[in-house]
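A closer look at the structure
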Amino acid sequence: MEGTRTAILSYAANRESFRFAELLAYLNELFEISKVTLSWYLKEMVKENILFKLGRGIYTSKRVKTQEYLPRLTPRGIKTAKILAKEFPFIEISVFDGNVLADFQHHLSINNIHYIEVDRDAMESVFHFLKQNGMTAYLNPNKDFVYNNIDLSLEAYIVKPLVSESPLTEVDAVKTPRLEKILVDVLCDEDMDYLHGNEWNRLFDNANSMYTTNRTMMLRYASRRNAKAKIENAIENLGKNYD
């Protein structure tokens, strides 16, 4: 029994996290062990706070912080979301305030954009509604348009498509992204290009060191955005993927 526990801890010690299947394959190179037996060991070691679950079938020996990320929205973001919900009662709307990104950044920058995500078919209608009501709004801009035409320090709205099955939560009855979605979206979205590369690596590491993330949820969403391999690599290299 102790030999099995020692082998599990030895495997875990050199990894930021590991998957059940990977551990099972490793152990079966040393000695024969079934899925049922390994599941029992892992369950007991989690109970004893020797190992910690990061998601379905994902474990770590690093002590997991229990602090949950609590999204926040500005009063303007909440007010706009509720106006849109009244005008468009049959579409799903998510609002994200760009200023929260500063919480995780290495090189701080100002972002006063309100990101409005809606069903793709409703994007133009929401965009025109915002414009008609005197708001500065942009429709799903690419990175060149952002660099050349949008001052992120000025309050404005960017309307973007809401990916189906996005990880969302609520603040004051307004849907807003969970941290898992924020991290994947910043990596994938063209309008977030100023945070790509090494800056995203830092942001990802900072967020994961400050808050608990559901990695199963994050990887599932990353798959929908064709970014699963990149997120898996970032998880595997937490704290090691920048100078």
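Here, the structure is the one placed above.
Just so you know, these numbers come straight off a predicted model, no measurement behind them. (Residues numbered from 1 in each chain as written. Predicted model: local features only at pLDDT ≥ 70, side-chain atom pairs only at ≥ 80, totals over all residues. Heavy atoms only, no water.)

Let us now look at the packing of aromatic side chains. Throughout the structure, instances matching the rule amount to 11 aromatic pairs. When the ring of Tyr69 is compared with that of Phe104, the centres are 5.7 Å apart and the planes differ by 55°; the resulting orientation is tilted. Pair noted here: Tyr69 is in the loop between β3 (58-60) and α4 (75-87) and Phe104 is in the loop between β4 (93-97) and β5 (113-118), with a separation of 35 residues, a long-range link. Like Tyr69, the residue Phe104 is buried in the burial classification. (Phe/Tyr/Trp six-rings, centres within 6.5 Å; stacked < 30°, edge-to-face > 60°. Helix = DSSP H or I, 4+ residues; strand = E, 2+ residues; numbered from the N terminus. Buried < 20%, exposed > 50% of the residue type's maximum accessible area, 1.4 Å probe, protein only.)

Bringing the side chain of Thr176 into the picture now. Among the structural elements, Thr176 can be located in strand β9 (residues 174-177). Among the polar contacts listed, one links the side chain of Thr176 to the backbone oxygen of Val95, at a separation of 2.6 Å. Once you skip the residues sitting within four places of it in the chain, Thr176 turns out to touch Pro71, Leu73, Ser94, Val95, Phe96, Leu168, Thr169 and Val171. (Polar contact = N/O pair within 3.5 Å; in protein donor to acceptor, adjacent residues only side chain to side chain. Contact = heavy atoms within 4.5 Å.)

Turning next to the environment of Leu168. One can find Leu168 in strand β8 (residues 168-171). For the pair Leu168 and Asn112, spaced 56 residues apart in the sequence, the C-alpha separation amounts to 21 Å. Once residues within four sequence positions are removed from consideration, Leu168 is found in contact with Glu92, Ser94, Lys175, Thr176, Pro177, Arg178 and Lys181.

Here the focus is the sheet that holds strand β6 (residues 137-139). Hydrogen bonds between backbone atoms are what pair the strands of a sheet, whose relative direction is either parallel or antiparallel. An order of β4-β5-β7-β6 is seen for the 4 strands of this open sheet, with the pairing classed as mixed. Two strands lie at the open edges of the sheet, namely β4 and β6, each paired on one side alone. Neighbour to neighbour, the strand axes of the sheet diverge by 25° on average, direction disregarded. Across 5 bridges, β4 lies against β5 in antiparallel orientation. Following the sheet pairing, Val95 is matched in β5 by Ile116. Running at roughly 165° to β4, α4 makes contact with β4, β5 and β7 (156-161) of the sheet. (Pairing = 2+ DSSP bridges. Axes fitted to C-alpha atoms, helices over the stretch in contact; angles between N-to-C directions.)

Let us now look at α4. In a regular helix each residue adds 1.5 Å, so 13 residues correspond to 18 Å; α4 covers 18 Å between its end C-alpha atoms and thus fits that length. Taken together, the buried positions of α4 are occupied by Gly77, Ile78, Thr80, Ala81 and Leu84. Along the axis of α4, the buried positions cluster into a sector of 165°, meaning they face one direction only. Facing away from the buried side of α4 by over 90 degrees, the exposed positions are Pro75, Lys79 and Lys86. Where α4 is buried, its residues contact β4, β5, α5 (123-132), β7 and β9. (Expected span 1.5 Å × (residues − 1). Arc of directions from axis to C-beta.)

By themselves, these figures tell us nothing about what the structure is for.
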